[in-house]
Amino acid sequence: MVINLTDLKEHMQEAIMKPLDHKNLDKDVEYFSDVVSTTENVAVFIWENLQKRLPPGTLYKVKVYETDQNIVVYKGEETTYE
């Protein structure tokens, strides 16, 4: 096991849900005041927030599903589309 799932859930709550859930990204999230709130940039935001909270080297990728046809994968410096 790389990380305790209870700890991971808490980290995800703080890094993703608390700042983004039920928010207007452009108006309510400071990060997006000068960054366009595209799916790609949401993935970067999540990566940066999670990486701060997780042990070094444990975060492999962030996958954001905007729709069934629009999926973004971010691996630190590389964005891919599925």
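Calculation rules
Residues numbered from 1 in each chain as written. Predicted model: local features only at pLDDT ≥ 70, side-chain atom pairs only at ≥ 80, totals over all residues. Heavy atoms only, no water. Helix = DSSP H or I, 4+ residues; strand = E, 2+ residues; numbered from the N terminus. Rg over C-alpha atoms; globule rule 2.2 N^0.38 Å. Buried < 20%, exposed > 50% of the residue type's maximum accessible area, 1.4 Å probe, protein only. Contact = heavy atoms within 4.5 Å. Areas by Shrake-Rupley, 256 points an atom, 1.4 Å probe, with all protein chains shown as cover.

Visitor: If you had to explain the overall build of the chain to someone new, which residues and values would you point to?
Guide: The secondary structure content of the chain amounts to 3 helices and 3 strands. Ordered by position in the sequence, the α and β elements of the chain form the string α-α-α-β-β-β. Radius of gyration (C-alpha) of the chain: 13 Å, near the 12 Å computed for a compact globule of 82 residues. Reported as C-alpha extents along the three principal axes, the dimensions of the chain are approximately 35 × 25 × 20 Å. Across the 82 residues of the chain, 29% fall into the buried class. Sequence separation of 24 or more characterises 36% of the internal contacts of the chain that already satisfy a separation of 6 or more. When the accessible surface of the chain is totalled, it reaches about 5,900 Å², and 50% of it is carbon and sulfur.

Visitor: Before we move on, can you summarise the side chain of N49 with the specific residues and values?
Guide: For N49, the location among the structural elements is in helix α3 (residues 39-53). Given the relative accessible area of 11%, N49 is considered buried. Not counting residues within four places of it along the chain, the set of residues in contact with N49 comprises A15 and P19.

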